[in-house]
Amino acid sequence: MVSRVIPVAPFDLVVFGATGDLARRKIIPGLFHRFVVGQMPKDARLIGVARREMQSSEFRDFIRDSLLEFALRAPDDKEQLDAFLDVVTYVCVDAAGDTGWTELQAKLRDDAVRAFYLSVAPALFGEIADRLSAYGMATPLSRIVVEKPFGKDLETAQALNQTLRRNFAEEQIYRIDHYLGKETVQNLMALRFANSLWEPLWNATHIDHVQITVSESLGVEGRGEYYDQSGAMRDMVQNHLMQLLCLTAMEPPSDYNPDAVRNEKVKVISALKPALPEDIVRGQYRETPGNKDSYRDHAKDPHSRTESFVAMKVNVGNWRWSGTPFYLRTGKKLRARSSEIAVVFRDPPHMIFPKMEGRRGNALIIRLQPDEGITLRTTIKEPGPGGLRLAEVTLDMTFADALAGGGDTQDAYERLIMDVIRGDQTLFMRGDEVEAAWNWVDPINAAWEASSREPEKYDAGGSGPEDALMLLHREGRRWREIG
Ligand code: BG6
């Protein structure tokens, strides 16, 4: 499989928070990979910005170490590594003060795309956006990239949108949800809208329900302080799972362009019915003999009621989906790291064969990670004599096998950074989309915060709380096994 790499225009990428974890693990390695494959032009530049005083040479050493640790291709590619480091410089800037801004401005070229990537605490987004304007750096060729969390509720998200829009037009604002950069997530759109096979079946007449699972085996180690203020609802459901739901449920856009796609996603979020308390399960992991740490140990709060797991039933109130629930499930410290969307079809209206014990029916499973691919569960005759007995088999396709070598699989961040430079907002959240998602999630969080209920405890390394299983059992359905 030959990948087509189209170089982007020259750019200056300014990374605020350049010495932070995300920059070290994802942003800079992602850029380096694009450099190695020839997509990043030789005259593009990476300008690291942070509060720490250091020379560009020291920053380059720091980048070299980060790349050797986190960039797959760096250890074998010393020559490329040196060439990449040549385009890296550093400026010490006080985001909330006046130090360093003039030096930063002097480094930027007027005729190149400039992207400001804010990999910093959200409290600094406004300060930085205001100063970029004040120092004349917010030009028509500028883009600003912001990481999640984008607010913690509707009010804070609106305030953040206002601050950004004071200085940048909506077309210049790139709100990252890295799930949209994942290969299989985009494949979901290709599967739905580049094939004629699925669309006639993609509705409540044929689909019984949809299960969206994002399961993680890691806990909140090292991030307890942030996470305890957030919980799975804000950290995962409001953004990543919501995006997966939108892409599964949305109407075909008229075109593959940013606004056509995002308009359809906003329509899905606006059609979500308010979630009922009995349709939501919150869990928190406890220690087991094999997994010594509980959520509360990491959160450093022995009484924390923050959820590390959510399962819920969601109804999309529109013609296509009326009567077909979407079940969402996400949690930390579960049995495996495994994310998938399972579209479970209805049974045939009239069965002429003997009943098959344990039959689960047709399903299309889109695996996001690991082993990205697609599985179709179908019913066949069990081979051999003895009458006609049914069996279920799967037709499996992994992208790695189907495309020799898996194609040029990129990390989500690689793709998203290049999209910023190209000026393509399709895989970024629009302001109204983020606000609509908070608008739906806020009452759920408010009800939770007002109640005295504890999250249900589940064993670290298990499949989540018992009530999450019941959520489907009570309706004669069952979750797919995690992993
Ligand atoms: C992040 C969340 O946005 O996504 C983390 O803040 C979570 O809590 C992570 O672990 C999951 O991303 P991925 O790509 O590993 O599935």
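If you're wondering where the values come from, they're calculated on a predicted model, not measured in any experiment. (Residues numbered from 1 in each chain as written. Predicted model: local features only at pLDDT ≥ 70, side-chain atom pairs only at ≥ 80, totals over all residues. Heavy atoms only, no water.)

## Quick look at the overall build of the protein chain
Right, so step 1: Within the protein chain, the secondary structure is distributed over 14 helices and 15 strands.
Right, so step 2: Dimensions of the protein chain along its principal axes, counting C-alpha atoms only, are 80 × 55 × 45 Å.
Right, so step 3: Going through the 483 residues of the protein chain one by one, you find that 54% of them count as buried.
Right, so step 4: In the protein chain, once contacts between residues fewer than 6 apart in sequence are set aside, the share between residues at least 24 apart is 77%.
Right, so step 5: Looking at the protein chain as shown, the accessible area adds up to about 21400 Å², and 52% of this sits on carbon and sulfur atoms. (Helix = DSSP H or I, 4+ residues; strand = E, 2+ residues; numbered from the N terminus. Buried < 20%, exposed > 50% of the residue type's maximum accessible area, 1.4 Å probe, protein only. Contact = heavy atoms within 4.5 Å. Areas by Shrake-Rupley, 256 points an atom, 1.4 Å probe, with all protein chains shown as cover.)

## Describing empty space enclosed by the protein
To find leftover empty space, a probe the size of one water molecule is rolled over the atoms.
Right, so step 1: One pass over the structure, following the stated rule, counts two cavities of 30 Å³ or more.
Right, so step 2: Its residues assigned to classes, the lining of the largest cavity comprises four nonpolar, two polar and one charged.
Right, so step 3: What lines the second largest cavity is Gln238, Asn239, Met242, Gln243, Ile269, Met429, Glu433, Val434 and Ala437.
Right, so step 4: Residue assignment for the lining of the second largest cavity shows that the elements contributing at least two residues are α8 (224-249) and α13 (431-450).
Right, so step 5: At four residues, α8 tops the list of elements feeding residues into the lining of the second largest cavity. (1 Å grid on protein atoms, 1.4 Å probe; cavity = no way out; pocket = protein on both sides within 12 Å on 5 of 7 lines; lining within 4 Å. Points joined across faces, edges and corners; volume = space filled by probe spheres on them. Nonpolar A, V, L, I, M, F, W, Y, C, P; charged D, E, K, R; others polar.)

## Re the packing of helix α1 (residues 21-36) against helix α2 (residues 56-70)
Right, so step 1: α2 packs onto α1 with a crossing angle of 90° between their chain directions and a minimal axis gap of 9 Å. By the angle between their directions, the pair α1 and α2 is classed as roughly perpendicular. Where α1 approaches α2, its residues Arg24, Arg25, Ile28, Pro29 and Phe32 are matched on the opposing element by Phe62, Ile63, Ser66, Leu67, Glu69 and Phe70. (Axes fitted to C-alpha atoms, helices over the stretch in contact; angles between N-to-C directions. Parallel < 35°, antiparallel > 145°, perpendicular 65-115°, else oblique.)

## Notes on the environment of leucine 416
Right, so step 1: Its place among the elements puts leucine 416 in helix α12 (residues 412-422).
Right, so step 2: Linking leucine 416 and arginine 377, residues 39 residues apart in sequence, is a C-alpha distance of 33 Å.
Right, so step 3: Discounting chain neighbours no more than four positions away, the residues touching leucine 416 are Ile176, Asp177, His178, Gly181, Leu427 and Phe428.

## Some points on the site of the ligand
Right, so step 1: Every residue lining the ligand is accounted for by Lys148, His178, Tyr179, Lys182, Glu216, Arg223, Asp235, Met236, His240, Lys332, Arg337 and Gln369.
Right, so step 2: Contacts to the ligand include lysine 182, whose side-chain N or O atom sits 2.6 Å from an oxygen atom.
Right, so step 3: In this structure, an oxygen atom belonging to the ligand sits 2.5 Å away from a side-chain N or O atom of glutamate 216.
Right, so step 4: Taken together, the residues that form the shell around the ligand break down as two nonpolar, three polar and seven charged. (Near = heavy atom within 4 Å. Polar contact = N/O pair within 3.5 Å; in protein donor to acceptor, adjacent residues only side chain to side chain.)

## Some words on the nonpolar core
Right, so step 1: Judged by nonpolar contacts, the single largest core of 140 residues is most densely connected at Phe11, Phe16, Phe84, Leu104 and Met312.
Right, so step 2: Broken down by element, the residue count for this core peaks at twelve residues, all from α8.
Right, so step 3: Once you skip the residues sitting within four places of it in the chain, leucine 104 turns out to touch Val14, Phe16, Ile47, Val49, Val91, Val93 and Met137. (Core = buried A, V, L, I, M, F, W, Y, C linked by side-chain atoms within 4.5 Å.)

## Some words on the packing of aromatic side chains
Right, so step 1: One pass over the structure, following the stated rule, counts 13 aromatic pairs.
Right, so step 2: Measuring from centroid to centroid gives 5.1 Å for tryptophan 321 and phenylalanine 326, while their planes differ by 80°, and the two rings are edge-to-face.
Right, so step 3: The class for phenylalanine 326 is buried, based on a relative accessible area of 0%.
Right, so step 4: Three or more aromatic residues joined by ring pairs make a cluster, and in this case those are Tyr227, Tyr285, Tyr295, Phe309 and Tyr458.
Right, so step 5: Seen from the ring of phenylalanine 35, lysine 42 lies directly overhead, with NZ or CZ sitting 4.6 Å from the centre. (Phe/Tyr/Trp six-rings, centres within 6.5 Å; stacked < 30°, edge-to-face > 60°. Lys NZ or Arg CZ within 6 Å of the ring centre and 35° of its normal.)

## Remarks on the side chain of serine 308
Right, so step 1: Position of serine 308 among the secondary structure elements: in the loop between α10 (295-299) and β9 (309-314).
Right, so step 2: Overall, the relative accessible area of 0% leaves serine 308 in the buried class.
Right, so step 3: Here tyrosine 285 takes part through its backbone nitrogen, which lies 3.2 Å from a polar atom of the side chain of serine 308.

## A short note on the sheet that holds strand β3 (residues 88-92)
Right, so step 1: If you walk across this open sheet you meet the six strands as β3-β2-β1-β4-β5-β6, and the pairing is parallel. Here the strands that pair on one side only, and so sit at the sheet edges, are β3 and β6 (173-175). Strand-to-strand twist in this sheet, taken as the mean axis angle between neighbours without regard to direction, amounts to 20°.
Right, so step 2: Across three bridges, the pairing between strand β5 (residues 142-146) and β6 is parallel. By the bridge assignment for β6, valine 146 is matched with arginine 175.
Right, so step 3: The strands touched by α1 are β1 (11-16), β2 (45-50) and β4 (113-118); relative to β1, the strand with the most contacts, the crossing angle is about 170°. (Pairing = 2+ DSSP bridges.)

## As for the side chain of threonine 426
Right, so step 1: Along the chain, threonine 426 falls in the loop between α12 and α13.
Right, so step 2: Those residues in contact with threonine 426 that lie beyond four places of it in its chain are Tyr256, Asn257, Pro258, Val261 and Arg262.

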